Every structure is written in C-alpha cells, then in structure tokens.
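Coordinates in review
For reference, the chains in residue letters:
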Amino acid sequence: MVRVRIAPSPSGNLHIGTARTALFNYLFAKKTGGEFVLRIEDTDLERTSQEYVKNIFDSLKALGLNWDEGPDIGGPYGPYSQSERFNLYPEFAKKLLLSGFAYECWCTPEELEAEKELATQNKQAYVYSRKCIGAPRGEGAPAIRFNVSKTQKAFHESSMLTFNDMVKGELTQDTDLIGDFVIMKSNGTPTYNFAVVVDDMLMKISHIIRGEDHISNTFKQILIYEALGEALSAPEFVELYGPPQPLPQFGHLGMILAPDRSKLSKRHGATAVSDFVEHGYLTEALVNFVALLGWSPSDGQEIKSVDEIAADFRISEVSSSNSIFEYDKLNWMNSQYIKKMGIETLKAALRPYLAKYDLNELTDAQYTRLVEITREPLTVLSDITSDAAYFFGAGVELEPEAKDALNGEVLAEFAKQAADWDFDEEALHEKLDGFRAYFKEQGVKPKDTMWALRAAITGRTRGADICAVMAILGKEKVLARVEKAKSQAAL
RNA sequence: GCUCCCAUCGUCUAGAGGCCUAGGACAACACCCUUUCACGGUGUAGACAGGGAUUCGAAUUCCCUUGGGAGUACCA
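Residue numbering note: each chain is counted from 1, following its sequence as written. For this description, chains carry letters from A and ligands carry numbers from 1, given in the order in which they are written. Selection of residues for local features in this predicted model requires a pLDDT of at least 70, selection of side-chain atom pairs for listing and counting requires 80 or more, and totals for whole chains, interfaces and linings are taken over all residues. Heavy atoms throughout the structure, all of them, feed into the side-chain values; hydrogens and water do not.

1. Concerning the side chain of Thr-218
Inclusion rule: Strands here are runs of E lasting at least two residues and helices are runs of H or I lasting at least four, both read from the DSSP assignment and numbered beginning at the N terminus. A contact between two residues is defined here by any heavy atoms of the two lying within 4.5 Å.
Among the secondary structure elements, Thr-218 is positioned in helix α7 (residues 215-233). Not counting residues up to four positions away in its chain, the partners in contact with Thr-218 are Phe-163, Arg-210, Phe-250 and His-252.

Structure, rendered in structure tokens:
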C-alpha cells in the first residue's frame, strides 16, 4: 500500500513551495491509489501557532489537496500532530541506547562551539568528536546522540551510503563525514530527524517525496531506520505497532527559486498560498501552474485539473533541477481560468474586490452584465477593483489622456441627441452607429468619436464595451457625466 | 571551507546516441481583427554554459572547468 505524507511545520502560513511538495505527494497517491497523510510538525513550540495550523488546513483544502488522514479527521495511525506524540520518542531512543546505536552526551554548548571553531580553523568539515562515547556521567541532563559509524558498519560494508532516489537516481554520501548527531535534546524533546523517522515508521509511510534540501537528512534518516528496524522487530513492538515496514522510497524535488535565483521569500512578494488567493489568484490556476514547475504533460496540453494531472503523473519524470517562479505564466494561466469560470461563480468571486463600492447601486442583472463585459482583461480578480471603478458613484475623475480625448462638439451633439434615446444596450448600439457615421461625415474618425464619449463617461481611454457601460449607468448618470466633461473640453 | 545536488530559448519545459537545420507554452516583437483596452488569429526573434573523451555519429554517455542551488544546529 502506497502511503505518502506532507509534514508542514506551522511556523508560518502554507508556503507555495510546501504546497508544491504537497501536490506532488497528492498526485503520486492518486496515481497509485495510495493514501495521503497530513502530519503537523509542531515540535518547536516556540514558533508554532494555531493560526498557522488553520492556514495550512485552509490552504491545502482550497487547493483541492484533501488528505485521507490528519490531525482534524484522525486515522488509524494517529495522533497526527507531533506535539501529541512526545511520549513516543523517548522509548525508541531508549531502544537505540540499549542496542548501542545511540549514546548519551554531556557536552556543553561551549565545548561543542570550540570543536566547531577548531574544525573551521583547520578547514575541515566539522564532525562531532564523539568524546562522550563511554565517558562517565556528566552534569545535568544529557542529550542523546546517534552513533553513525556503528550503525553504518552494522548494515553496510563500507562507509559509503547509497540509495536510489525516485527522481534523482543513485545518491551517495560518505557517512564518515556525517558526525554523530543529536536525536534527543537534553530537554527531552526529539530533534527533527529522529521524530520524522519514528513518525514515518509508525505511520507506515512508504514513499517520501520532499524538497532536495532534505537530501542530507535522508542519509541520517536511513541510518535511523536501519538502527530502529531491529528494535521494531521485538515482539512487544510488533504487538503495538505491527510488523516493521521496509525502508521507504525517497524522491527529492528541485527547489522553487525566486527570479533572482535565491530562495523565494517575503521580499519577493507573495510566498504563502493565502497571499496569492488574496491577490486574486484562483487556486485551480495556482495548483496547475505549480505542477508545471518540474513536471510536464505528455500530451502538451498544459491547462489541466489536478485529476487530469494525477492520471498523467509519473514521479520518475519529474525534473530534478530547480525552477524559477515567474509570474508571467501564472498570470496568463489565471486569466485563462477566469475566462472559463461560470458567471455566477465569477460574480461571487469578484464581490470581495468590489467591497469599496456600493453594489446596491446595481440590480443583479446589471451586475451580471458588468461582470460579463469587464472579465475579459482580468489577470487577477483584484484587477476588477480599478477596472470597474467608473460604474460606481456619481461622477468620475478624468485621467490626463482622457482629457486629451474629449471633443466638445461630439459631446454637445451627444447630449442633445441622447436626451431622447432609450438607454437599452441594443438600442444604444444602433444609435451610436448612426452617431459615428454622422461625425465621420464631419471629418471625425469613428475611433475618436467613441473615444470622446468613453473619456467623458468613464474618465478613461480604455475599458469595456461603451454601449454596455452606458446601459448599466443609465441615461441620467451618462448625461450628467457628459455635461460635466463638456465644460472641461471647452477649457 | 567541506559535502551533496543541478545545468536546453528571458522563464517553465520536450528531448533517454542518429527522428534535432532542437519541439511546445508563457513573456517579447510584428501584422490581422476591432468603437478603446483586452480577447482571438497569423507570423518573427530566441537555447543545448565551456573544454576534453567515447562513438561512424552526442543536447543525449564519461571526465574536467565554470556557474547556480542546498546542507553543514540540542531549527524544522
């Protein structure tokens, strides 16, 4: 049974990079008919907040990445928050202590610092001196360190540790360079590498797909798996947790980088899924875009739903290099999704971005028409805020280019004629056809005629179909605006 | 510093020795459509980081250089 997991740490809102990792795990699970587990890694109580936990839940759900087991819905291998699993880790650490794959360490931060200092002076890689192996008890509570070389020797012929990565192929590391790392802090809490292995083991995770920033952790974790395997074979553990699982398969994804090739961070703008959503990006577009970072469809059709992507997904085909997060394609994709949206859905989605205006000025039919005629150029939903500004309020402020486009004669004639017109969109179309033709004979280009009207009515030189705009605004407002613009044109 | 990973148009990528005078998408530019913007349509420009080696033949294999990224905590 394929079981994958995403294990975010709630020290911030769900990062777009984490979302991509979640997506690839989800795709892999869907493709293979496996299960997708959500685990919250809130071991670091200092930085953890419930608000972030909620943000992670909400963002994942919004993206359509629903989990089969997790802190909120439970499951057979819970609890799914590490903070509720604190009692688990010491017993496994004890097993390691007993089997000699781990040992207690009383070194002080100062001693450790001195060792590191020395290593950098000698231009050597820092490796813990292991001086606590077999040492007498020291002061205070000890940390527990993992005995890397002992484990390596017990399970491998040389110091070289190799595994076959699902995306990168064979990866090798000399374990002599790893150094005995801490698995239990002196305060009794587990370190990341230890907690992850214990959790993944007990949760029967079969495939671990994550960012390549974890490659060095993977070597450590494989060693822990091996050392723990024996302990897990003990009858009392089998009874509690079932038979030990084989070592999971690992797959490491390239990272998502900012356009300057550095880590994607706040100073580059939006980083959290919720930031993108606030700016008016559709989660469908977001998920589609992020899937294309490292993966490409076999049929060349890039706009695809998560389900379609899952059907076509193969982890071994995922690119192993980093990719840069550029907005151009995301923007295009978002606009494509906006175009495909149902009108009612779009009307609802746009409402928050129209909050500064009084939507009661419009009937529902008028609002529908407004959305129909303004949706075309939207790249993000928030564009509507400025694009639809001239539909609300009594008058408009003329932009400089709009002032240039005004034409006193055209406006005067319009005011005269339109007073008798029926402000129905169809009717306006016809009337304006004639109006343009009339001025064309006077030597005014149809384009300029329309421009003058648009400028007077909307204050802008660009925008939605002007007949539809007039119909929505109604005769009274249109004539008032034209009247006001007429005086400005005369100046 | 040390260790590991990566390297095709500006960006995302196709490409698993001859199908490649390197294909697609976004962006750019031009033209068409048009009452503006936009949409849409049609085109143009644009890349195998460099050097060796293997081979009849290399974007594809190997090595070196260069460049970029990551890790190097009693953070996760």
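Okay, back to it.
2. Describing the protein's contact with RNA strand B
Worth spelling out the cut-off: We call a residue near a molecule or strand when any one of its heavy atoms sits within 4 Å of it. Under this definition, polar contacts are N or O atom pairs within 3.5 Å; protein pairs additionally need one hydrogen-donor-capable and one acceptor-capable atom, and for neighbouring residues in sequence, both atoms have to be side-chain atoms. Here the term charged refers only to Asp, Glu, Lys and Arg, the term nonpolar to Ala, Val, Leu, Ile, Met, Phe, Trp, Tyr, Cys and Pro, and the term polar to all other amino acids, Gly among them.
What surrounds RNA strand B is a group of 58 residues, the closest being Lys-168, Lys-185, Leu-292, Gly-294 and Gly-463. Restricting attention to atoms of RNA strand B within 4 Å of the protein, one finds that 73% of them are sugar or phosphate atoms. In the model, a sugar or linking oxygen of RNA strand B is placed 3.0 Å from a nitrogen or oxygen of the Gln-173 side chain. Between RNA strand B and the protein, one listed contact pairs a sugar or linking oxygen with a backbone N or O atom of Thr-461 at 3.0 Å. Counting only elements with at least two residues in the surface near RNA strand B, the list comes to α4 (109-121), β4 (143-146), β6 (169-174), α7, β11 (323-324), α12 (327-340), α18 (425-441) and α19 (446-458). Top contributing element to the surface near RNA strand B by residue count: α12, with five residues. Across the surface near RNA strand B, the residue classes break down as 18 nonpolar, 18 polar and 22 charged.

3. Quick word on the sheet that holds strand β3 (residues 102-105)
How we decide: Each pair of strands is called paired provided DSSP finds at least two bridges between the two strands. An axis is simply a line fitted to the C-alpha atoms; with a helix, the fit covers only the stretch in contact. Between two such axes, the angle follows the N-to-C directions and lies from 0 to 180 degrees.
Taken together, the three strands give an open sheet; going across it, the order is β3-β4-β7, and neighbouring strands pair in antiparallel fashion. Of all strands in the sheet, those bounded by a partner on one side alone are β3 and β7 (182-184). Geometrically, the sheet is characterised by an average inter-axis angle of 45 degrees between neighbouring strands, direction not taken into account. Alignment of β3 against β4, held across four bridges, turns out to be antiparallel. Each bridged residue has a counterpart across the sheet, and for Ala-102 the counterpart in β4 is Phe-146.

4. Some thoughts on the environment of Leu-202
Note on placement: Leu-202 falls in helix α6 (residues 192-202). It is 8.5 Å that separates the C-alpha atoms of Leu-202 and Pro-244, two residues lying 42 residues apart in sequence. For Leu-202, the contacting residues outside a window of four places in its chain are Tyr-77, Arg-85, Leu-88, Phe-92 and Tyr-241.

5. A few points about the packing of helix α1 (residues 16-32) against helix α10 (residues 283-291)
Here is the rule: Oblique is the label for any angle not under 35 degrees, not over 145, and not in the 65 to 115 range, which are roughly parallel, roughly antiparallel and roughly perpendicular in turn.
Close contact between α1 and α10 brings their axes to 10 Å; oriented N to C, the two are set at 75 degrees. Between α1 and α10, the crossing angle belongs to the class labelled roughly perpendicular. On α10, the residues that touch Ile-16, Arg-20, Leu-23 and Phe-24 of α1 are Leu-286, Val-287, Val-290 and Ala-291. Among the residues forming the contact of α1 with α10, the class breakdown is seven nonpolar, no polar and one charged.

6. Some thoughts on the packing of aromatic side chains
What counts is decided by this rule: Aromatic rings from Phe, Tyr and Trp, with only the six-membered ring used for Trp, were paired whenever their centres fell within 6.5 Å, and each pair was classed as stacked if the ring planes differed by under 30 degrees, edge-to-face if by over 60, and tilted otherwise. Type-normalised accessible area, obtained with a 1.4 Å probe on protein chains alone, sets the label of each residue: buried when under 20%, exposed when over 50%, and partly exposed for intermediate values. Should the NZ of a Lys or the CZ of an Arg lie within 6 Å of a ring centre and within 35 degrees of the ring normal, that charge is described as sitting over the ring.
Scanning the entire structure with this criterion turns up 23 aromatic pairs. The interplanar angle of 25 degrees and the centroid separation of 6.0 Å between the aromatic rings of Phe-276 and Tyr-327 together place this pair among those described as stacked. With Phe-276 in helix α9 (residues 273-278) and Tyr-327 in helix α12, this pair connects stretches of sequence that are 51 residues apart. Ring geometry for Tyr-438 and Phe-439: centres 5.1 Å apart, planes at 85 degrees, overall edge-to-face. Exposure remark for Phe-439: the relative accessible area of 4% places this residue in the buried category. In this arrangement the basic side chain of Lys-220 is found over the ring face of Phe-181, its NZ or CZ atom lying 5.3 Å from the centre. Its guanidinium or amino end placed over the ring of Tyr-337, Lys-340 lies 4.9 Å from that ring's centre, counting from NZ or CZ.

7. Observations concerning the domain arrangement of chain A
Using the following cut-off: Here the limits of each domain have been adopted from an automatic or database domain assignment.
According to the domain assignment, chain A contains domain 1 (85-253) and domain 2 (400-489). For domain 1 versus domain 2, the distance between C-alpha centres works out to 75 Å.

8. Brief notes about unusual backbone geometry
Here the residue pair Gly-78 and Pro-79 is connected by a cis peptide bond, since its omega of -5 degrees sits within 30 degrees of zero. Summarising the element assignment, Pro-79 is placed in the loop between α2 (50-62) and α3 (88-99). Backbone geometry at Arg-261 places phi at a positive 65 degrees, although glycine is not the residue there. As for its placement among the helices and strands, Arg-261 is situated in the loop between β10 (256-257) and α9.

9. Some details on the confidence of the model for chain A
Operational definition: The score called pLDDT rates the predictor's confidence residue by residue, from a low of 0 to a high of 100.
In this model, chain A carries an average pLDDT of 93, and 100% of its residues clear a pLDDT of 70 or more. Across the predicted assembly, pTM comes out at 0.95 and ipTM at 0.95.

10. Looking at the pairing of strand β9 (residues 249-253)
In terms of residue burial, β9 counts as a mostly covered element, since four of its five residues are buried. Where strand β8 (residues 207-211) meets β9, five bridges bridge the pair, whose relative direction is parallel. Across the sheet, Ile-208 pairs through a bridge with Phe-250, a residue of β9.

11. A short note on the pairing of β6
Two strands pair when backbone bridges link them, and strand β5 (residues 160-165) and β6 are joined in this way by six bridges, in the antiparallel orientation. By the bridge assignment, Asp-165 is partnered in β6 with Gly-169. If you look at the hairpin formed by β5 and β6, you'll find three residues sitting between the two strands.

12. Some details on the environment of Leu-96
Examined against the element boundaries, Leu-96 turns out to sit in helix α3. Discounting chain neighbours no more than four positions away, the residues touching Leu-96 are Phe-101, Ala-102, Phe-146, Ile-183, Phe-194, Ala-227 and Leu-228.

13. Section: a negative patch on the surface
So the rule is basically this: Patches draw on residues past 30% relative accessible area with no salt bridge. Two like charges within 9 Å are joined, as are two nonpolar side chains (Val, Leu, Ile, Met, Phe, Trp, Tyr) within 5 Å. Method for areas: the Shrake-Rupley scheme with a 1.4 Å probe, in which residue coverage is limited to the protein chains shown. Criterion for a salt bridge: a side-chain nitrogen of Lys or Arg within 4 Å of a carboxyl oxygen of Asp or Glu. Here the positive residues are Lys and Arg and the negative ones are Asp and Glu; neither His nor the chain ends is included. Throughout, a charge is located at the NZ atom of Lys, the CZ atom of Arg, the CG atom of Asp or the CD atom of Glu.
Where like charges cluster on the molecular surface, the negative patch consists of Asp-422, Asp-424, Glu-426 and Glu-430. Counting through the fold element by element, Glu-430 comes out in helix α18.

14. Section: the packing of α3 against α6
Where α3 contacts α6, the axes come no closer than 10 Å and their chain directions differ by 100 degrees. The orientation of α3 relative to α6 falls into the category roughly perpendicular. Listed contacts from α6 to Leu-88, Tyr-89, Phe-92, Ala-93 and Leu-96 of α3 are Phe-194, Ala-195, Val-198, Asp-199 and Leu-202. Across the contact of α3 with α6, the residue classes break down as nine nonpolar, no polar and one charged.

15. Structural notes on the side chain of Thr-368
Relative to the assigned elements, Thr-368 resides in helix α14 (residues 364-374). There is a polar contact of 2.8 Å between the side chain of Thr-368 and the side chain of Lys-347. Look past the residues within four positions of Thr-368 in its chain and what remains in contact with it is Ile-343 and Lys-347.

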